[in-house]
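# Coordinates in review
Residue-level listing of the chains:
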Amino acid sequence: MTGFVVRRIGQMALALLGVSVIVFALIHFVPGDPVRTALGTRFDPDVYEALVRRHGLDRPLVIQYFSWLGSALQGDLGVSFRSGQPVTGLVLERLPATLTLAGAALAVALVVGVPLGVVSAVRSGSKLDYIASAVSQVGVSVPDFWAGIMYILLFSLTLGWLPPSGYVSPLVDFTGWLRHLVLPALAVGLVSGSIIFRFVRSAVLEALNQDYVRMARAKGLSRRAVLFDHVLPNAWIPIVTVVGLQLGFLLGGVVVVEIIFAWPGIGRLAYLAVGDRDFTVLQGSVLYIATMFLVINLVVDLLYAWLDPRVRYD
Amino acid sequence: MTEPAAETTVGVVAHRSRLRTTAETVLRNRLAVFGLVILVLLVLVALAAPLIAPYTINEVDVANRLQGPSSQHWFGTDELGRDVFSRVIIASRVSLQVGFVSVGIALGLGVPVGLIAGYYGGRIDSILMRLMDILFSIPAIVLAIAILAALGPDIVNAMIAIGVVYTPIFARITRGSVLTLRDAVFVQAARSIGASDLRIIGNHVFPNVIAPIIVQTSLSLAFAILAEAALSFLGLGVQPPNPAWGRMLSEGRAFFQQAPWMAIFPGLAIFATVFAFNALGDGLRDALDPQQRSIIESRGRS
Amino acid sequence: MTQPVLSVRDLSVTFRTREGPAKVVDRISYDLGPGETLAIVGESGSGKSVSSLALMQLLPTPPAVVEGEAIFEGRNLLTLDEPEMQKIRGNRIAMIFQDPMTSLNPVRTIGHQLMEPIELHLGLTGRAARERAIELLHLVGIPSAEERIDDYPHQFSGGMRQRVVIAMGISCEPDILIADEATTALDVTTQAKIIDEIKGLQERLGMSLIWITHDLGVVAGVADRVVVLYAGHIMEEADVDDLFRVRRNPYTRGLLASLPVPGRTSRRLEAIPGLPPDPLRPPRGCPFSPRCPYVADVCVREEPALREPVPGHRSKCHFDPEDLHA
């Protein structure tokens, strides 16, 4: 187990290093001079000079990378080409909003996907299974941003139940915050929920067909006891892995949905940075999102190891 | 020298009958057939789009702007009075094109990487797969946004970005299938008679990993089209005045209350296309890949 | 024969499939005496496993439809409700399965799985249940059971796992133990040891044993009586010695001919040509007629009855053995 944890953390560090190379390289993919491009019509030779020197863009690439990495490790991701504000601050300010939305969407996805998936598998072939499977087939094919727009159209503009977009701090107005959270969380969460439903269903079906399930029944255990004591503990293992991978999809969905709902998170920050050609802010946003994803997957893998004695005792 | 010939014939027959049973299984799956029918229709519509579309894509008619669906304009008109139906139909071409080209790129990069990594194993395997892990550790849409931000918003760049983003999936699936084969008897046999690696991979390994790749291709097409729609929605894909479903959606957002059809119909088009590829992919998986090797990878990201 | 422990009468199992009903067990009847070992022999697909799962009500219904009677202590097992059945399963009638690698839940300890039936049926809890589990592990020959009880299945070898499975089977000292290919997945040496183990336990506990196998070699060593199943039909039933001495049925002859005989290495093994019938499209007449070397017109026209020309020896064939010339 310790070996597994160490190996897994090492892998994550390596992946993070790779991500840093990609993120660093971003600026250098920009055709021409990124700072000049970013400044555009607001070009000012003094600002230009300052930015180039601040980011050491006049030095050789390798040196640039390591000094950038060194600063990044200390939490310094440079300053916005646009506003001159420190990138780390800009990203960290928006991190809680993104985490909230991602967490709420995940909660929706799990609450919808897991119980329905289990019931569908246990009653496979039933009417409920048929309907749930059909709905999930639709769910996985709906673009989350379109779903978001349709929810706004229906629940905000037509029915007037919920605000169409925006954000209030939960410290100021908790119910207001909650009301703003519902639609974007549903937009991302229901799509992910459909996907999770399908995995849970197939994982539980698979576990139900194992010999040890038949053995447990032959010992005289009730269906219920077999389900909770033998089927689900085995089904969780693949489900946990899949939910981990799913979070990448979910984070991607959050990024796009933030834009639709004017949700002040990292996704919206990145989007605005793209429009402004504010490459340092874009770098920072991508780095943080990728780190979030990697950390979540690390946690998921450790959870996996904890759930599976075959890994735990190796 | 007659024996190898006979063997080949047997192989061909076996192959053909496998293809046939596969086709039969897929056709028995109602959902897959439904998906296939939608897809065939879509491709036909895309091919014949200029003939079908009642208006040209940029026929501005300000007098008739923001009109609801009618017999003249089935899907209504947009803020410039352009016919939404015509634009949705024409846009199917670019969606399918981006889908096919970007998945082609992902296949072209990912499959060889997976074959090499799985076949040779060892250090090459670790290096290649770690590289794939790194690509995999940035959520796809975010990576695509980043690539497009750097390269500049453009449809060709979008295809490259989506292609790169989906490469690791194909690499992983191919590698996974190759691993189960590397020590198979027929591979050992080929090796023992001194066949070259390239020959073994081409003749023995590749044909046996093709099933999960086909399944993955169909599922990835669904997600590539979703990704293109998202990127165009963000203004990073197809550039105006050319129509794209994602772009039309984002333009429609500004006229939500007056003209909801501007957002509804392009969204339905995306949904139908993605649904069709998903349904076909699921049907193919049931037929070709009963162990569902592809399932974990398929929906992991977008 | 004394009063049988289990009396199976006209047991049929039909699966409803998309292509129509598939009758995989067709009106089989047999008796199991106290302390007796009955071997049910057949190729895969002969219905031998399905018929015993049906007895335990462990077949999913639908798609399976089970008909007939199985009388155990004056009650029909096939019509008992689920709570009643749960009191019998693992307690009065226990069943162990083919593959020790997959019969144990990988994420539960051996002890947990072994204590389940003990707690459920014997009402023991906590320390008492644990002690009983350790005792059982000793009984089936697992060394240092006190320590190993908290191990997970993957920490055991195949033979050891099957011993654990057997311990689960006998944990409540059942009247009947059904062993479904219980030794097939093991190597020959381990197989022999496990068979000895089970036979020893049978004597000690006075259980009746239903031994399901495709391996006639094993049958000779363990069984008192043998039922030969083919395509869901009983083709022959006899005491084990009778069966090996006088094979009355052409199908049994074919099965025995495909068995390797020690010391007669030169003879080629004769596999029965052809394949078992598709249960969706059973042949007319005798189920074995498409593959039978002695097939006659009557075999294709009429299904033979399961006749009993010699008391205690039944055979489903139109002909007597002396009429059949190889």
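Residues numbered from 1 in each chain as written. Chains lettered and ligands numbered in written order. Predicted model: local features only at pLDDT ≥ 70, side-chain atom pairs only at ≥ 80, totals over all residues. Heavy atoms only, no water.

Time to look at the overall build of chain B. A count of helical and extended segments in chain B gives 12 helices and 0 strands. Ordering the α and β elements of chain B from the N terminus gives α-α-α-α-α-α-α-α-α-α-α-α. Taken over 302 residues, chain B has a buried fraction of 54%. A separation threshold of at least 6 residues defines the contact pool for chain B, and within that pool the share at least 24 residues apart is 73%. Of the roughly 12800 Å² of accessible surface on chain B, 65% is carried by carbon and sulfur atoms. (Helix = DSSP H or I, 4+ residues; strand = E, 2+ residues; numbered from the N terminus. Buried < 20%, exposed > 50% of the residue type's maximum accessible area, 1.4 Å probe, protein only. Contact = heavy atoms within 4.5 Å. Areas by Shrake-Rupley, 256 points an atom, 1.4 Å probe, with all protein chains shown as cover.)

When the terminal C-alpha atoms of helix α9 (residues 197-233) of chain B are compared, their 45 Å separation across 37 residues is substantially less than the 54 Å that a helix rising 1.5 Å per residue should span. Looking one or two residues beyond α9(B), the residue adopting positive phi is B:G235, at roughly 85 degrees. (Expected span 1.5 Å × (residues − 1).)

If you look at the interface, chain C gives 30 residues, while chain A gives 22 residues. Contact with chain A buries area across many residues of chain C, yet C:F97, C:V107 and C:E116 alone supply 22% of it, more than any other trio. Taken together, the links from chain C to chain A amount to 3 salt bridges. With a closest N to O distance of 2.8 Å, A:K219 and C:E116 form a salt bridge. Taken together, the connections running from chain C to chain A amount to 12 residue pairs in polar contact (both at pLDDT 80 or more). Of all elements in the fold, only α2 (82-88), β6 (93-96), α3 (110-122) and α6 (158-170) of chain C reach the threshold of two or more residues within the side of chain C that touches chain A. If you tally residues by element for the side of chain C that touches chain A, the top one is α3(C), at 6 residues. A breakdown of the residues in the side of chain C that touches chain A according to their chemical character gives 15 nonpolar, 10 polar and 5 charged. (Buried area = accessible area lost by both parts, 1.4 Å probe. Salt bridge = Lys/Arg side-chain N within 4 Å of Asp/Glu carboxyl O. Polar contact = N/O pair within 3.5 Å; in protein donor to acceptor, adjacent residues only side chain to side chain. Nonpolar A, V, L, I, M, F, W, Y, C, P; charged D, E, K, R; others polar.)

Let us look at the interface of chain A and chain B. When the parts of a complex come together, some accessible area is lost, and that lost area is often used as the size of the interface. Opposite the 48 residues of chain A that make contact, chain B presents 49 residues. Buried surface at the junction of chain A and chain B, summed over both partners, amounts to about 4200 Å²; 79% is from carbon and sulfur atoms. For the pair chain A and chain B, the number of links is 1 salt bridge. The salt bridge partner of B:D282 is A:R198, with a shortest N-O separation of 2.4 Å. Between chain A and chain B we count 6 residue pairs in polar contact (both at pLDDT 80 or more) in total. Secondary-structure elements contributing two or more residues to the side of chain A that touches chain B are α1 (2-29), α6 (127-139), α7 (144-158), α8 (174-208), α10 (223-260), α11 (266-276) and α12 (279-307) of chain A. Looking at which element gives the most residues to the side of chain A that touches chain B, the answer is α10(A), with 11 residues.

On to the packing of helix α5 (residues 122-136) of chain B against helix α7 (residues 155-181) of chain B. Residue and element names in this part refer to chain B. Here α5 crosses α7 at 140 degrees, and the two axes come no closer than 9 Å. In terms of axis orientation, α5 runs oblique to α7. α7 is crossed by α5, and the crossing has left-handed handedness. For the pair α5 and α7, the contacting residues are D125, M129, M132, D133, L135 and F136 in the first and V164, T167, P168, I169, A171, R172 and R175 in the second. A class-by-class count of the residues in the contact of α5 with α7 yields 8 nonpolar, 1 polar and 4 charged. (Axes fitted to C-alpha atoms, helices over the stretch in contact; angles between N-to-C directions. Parallel < 35°, antiparallel > 145°, perpendicular 65-115°, else oblique. Left-handed = near helix turned anticlockwise from the far one by under 90°.)

Time to look at a nonpolar patch on the surface. All names here are of chain A. On the surface, V111, V112, L116, V119, L128 and L190 cluster together to form a nonpolar patch covering roughly 430 Å² of accessible area. No other element matches the 4 residues that helix α5 (residues 87-122) contributes to the nonpolar patch. Position of L116 relative to the elements: it lies in helix α5. L116 gets classed as partly exposed once you look at its relative accessible area, which sits at 34%. (Patch = residues over 30% accessible without salt bridge, like charges linked within 9 Å, V, L, I, M, F, W, Y side chains within 5 Å.)

All names here are of chain C. The mixed open sheet is built from 8 strands, whose spatial order is β6-β7-β8-β3-β9-β10-β12-β11. Every interior strand has two partners, whereas the edge strands, β6 and β11 (306-310), have only one. Strand-to-strand twist in this sheet, taken as the mean axis angle between neighbours without regard to direction, amounts to 20 degrees. Bridging between strand β3 (residues 37-41) and strand β8 (residues 208-213) involves 5 bridges; their strand directions are parallel. (Pairing = 2+ DSSP bridges.)

Let us now look at the packing of aromatic side chains. Residue and element names in this part refer to chain B. By the definition in use, this model includes 16 aromatic pairs over all chains. Relative to F275, the ring of F34 has its centre 6.0 Å away and its plane inclined at 75 degrees; by these criteria the two rings are edge-to-face. Separated by 241 residues along the polypeptide, F34 in helix α2 (residues 30-47) and F275 in helix α11 (residues 261-288) bring together distant segments of the chain. Of the residues examined, F275 reaches a relative accessible area of 9% and is grouped as buried. (Phe/Tyr/Trp six-rings, centres within 6.5 Å; stacked < 30°, edge-to-face > 60°.)

Turning our attention to the nonpolar core. Across soluble globular proteins, nonpolar side chains have a tendency to be buried as a group. A:F145 and B:V205 are the most contacted members of the largest nonpolar core, which has 173 residues in total. With 19 residues, the top contributor of residues to this core is α9(B). Beyond its immediate chain neighbours, meaning those up to four positions away, B:V205 contacts B:L115, B:Y119, B:V178, B:L181, B:V187 and B:I200. Listed in part, the 96 residues of the second largest apolar core include A:M215, C:V5, C:V25 and C:A94. (Core = buried A, V, L, I, M, F, W, Y, C linked by side-chain atoms within 4.5 Å.)

What follows is about empty space enclosed by the protein. Over the atoms rolls a probe the size of a water molecule, and in doing so it shows where empty space is left. Residues and elements named next belong to chain C. Throughout the structure, instances matching the rule amount to 6 cavities of 30 Å³ or more. The calculated volume of the second largest cavity comes to roughly 90 Å³. Considering the residues around the second largest cavity, the lining is formed by 15 residues, among which P250, C286, C292, C299 and C317 are closest to the centre. For the lining of the second largest cavity, the class distribution of residues is 11 nonpolar, 3 polar and 1 charged. (1 Å grid on protein atoms, 1.4 Å probe; cavity = no way out; pocket = protein on both sides within 12 Å on 5 of 7 lines; lining within 4 Å. Points joined across faces, edges and corners; volume = space filled by probe spheres on them.)

Moving on, we come to the pattern of salt bridges. Residue and element names in this part refer to chain C. As enumerated under the stated definition, the model contains 33 salt bridges over all chains in all. Between R225 and E237 there is a salt bridge, with the nearest N and O atoms lying 2.8 Å from each other. Of this pair, R225 sits in strand β9 (residues 225-230) while E237 sits in strand β10 (residues 233-239), placing them 12 residues apart in sequence. Within this structure, K23, D26, R27, E303 and K316 form a network of salt bridges that share partners.

What follows deals with the confidence of the model for chain B. Residues and elements named next belong to chain B. Here chain B averages 78 in pLDDT, while 87% of its residues score no lower than 70. Mean pLDDT across the secondary structure elements of chain B bottoms out at helix α12 (residues 295-298), with 37, and peaks at helix α4 (residues 84-120), with 89. Note that residues 1-16 has pLDDT below 50 and, in this model, 0 contacts with residues that lie over four places away or in other chains. Confidence over residues 292-302 falls short of pLDDT 50; this stretch has 54 contacts with residues more than four positions distant or in other chains. (pLDDT = per-residue confidence, 0-100.)

Most peptide bonds take the trans configuration, and most residues that are not glycine carry a negative phi. Within the chain, A:A262 stands out as a residue other than glycine whose phi angle is a positive 50 degrees. Considering the arrangement of structural elements, one finds A:A262 in the loop between α10 and α11. Although it is not a glycine, C:R27 sits at a positive phi angle of roughly 45 degrees. Positionally, C:R27 belongs in strand β2 (residues 20-32).

A word on the state of the cysteines. Residue and element names in this part refer to chain C. Tallied over the entire structure, the rule returns 0 disulfides over all chains. Between C299, a cysteine without a disulfide, and C292, which holds the nearest cysteine sulfur, the sulfur-to-sulfur distance is 6.1 Å. Between C317, a free cysteine, and C299, which holds the nearest cysteine sulfur, the sulfur-to-sulfur gap is 6.2 Å. By relative accessible area, C317 is classed as buried at 9%. (Disulfide = S-S within 2.5 Å.)

A few words on the sheet that holds β2(C). Residue and element names in this part refer to chain C. Taking strand neighbours across the sheet as the criterion, the 4 strands line up as β2-β1-β4-β5 in an open arrangement whose pairing is antiparallel. Pairing within the sheet leaves two strands with one partner each, and these edge strands are β2 and β5 (75-76). Bridge count between strand β4 (residues 64-72) and β5: 2 bridges; the pairing is antiparallel. Within β5, the residue paired with I71 across the bridge is N76.

Moving on to the packing of α5(A) against α6(A). All names here are of chain A. Direction vectors running N to C along α5 and α6 enclose 135 degrees, while the axes themselves pass 8 Å from each other. In terms of orientation, α5 lies oblique with respect to α6. Along this stretch, α5 crosses α6, giving a crossing that reads as left-handed. Of the residues in α6, those in contact with L116, V119 and S120 of α5 are L128, D129 and A132. Across the contact of α5 with α6, the residue classes tally to 4 nonpolar, 1 polar and 1 charged.

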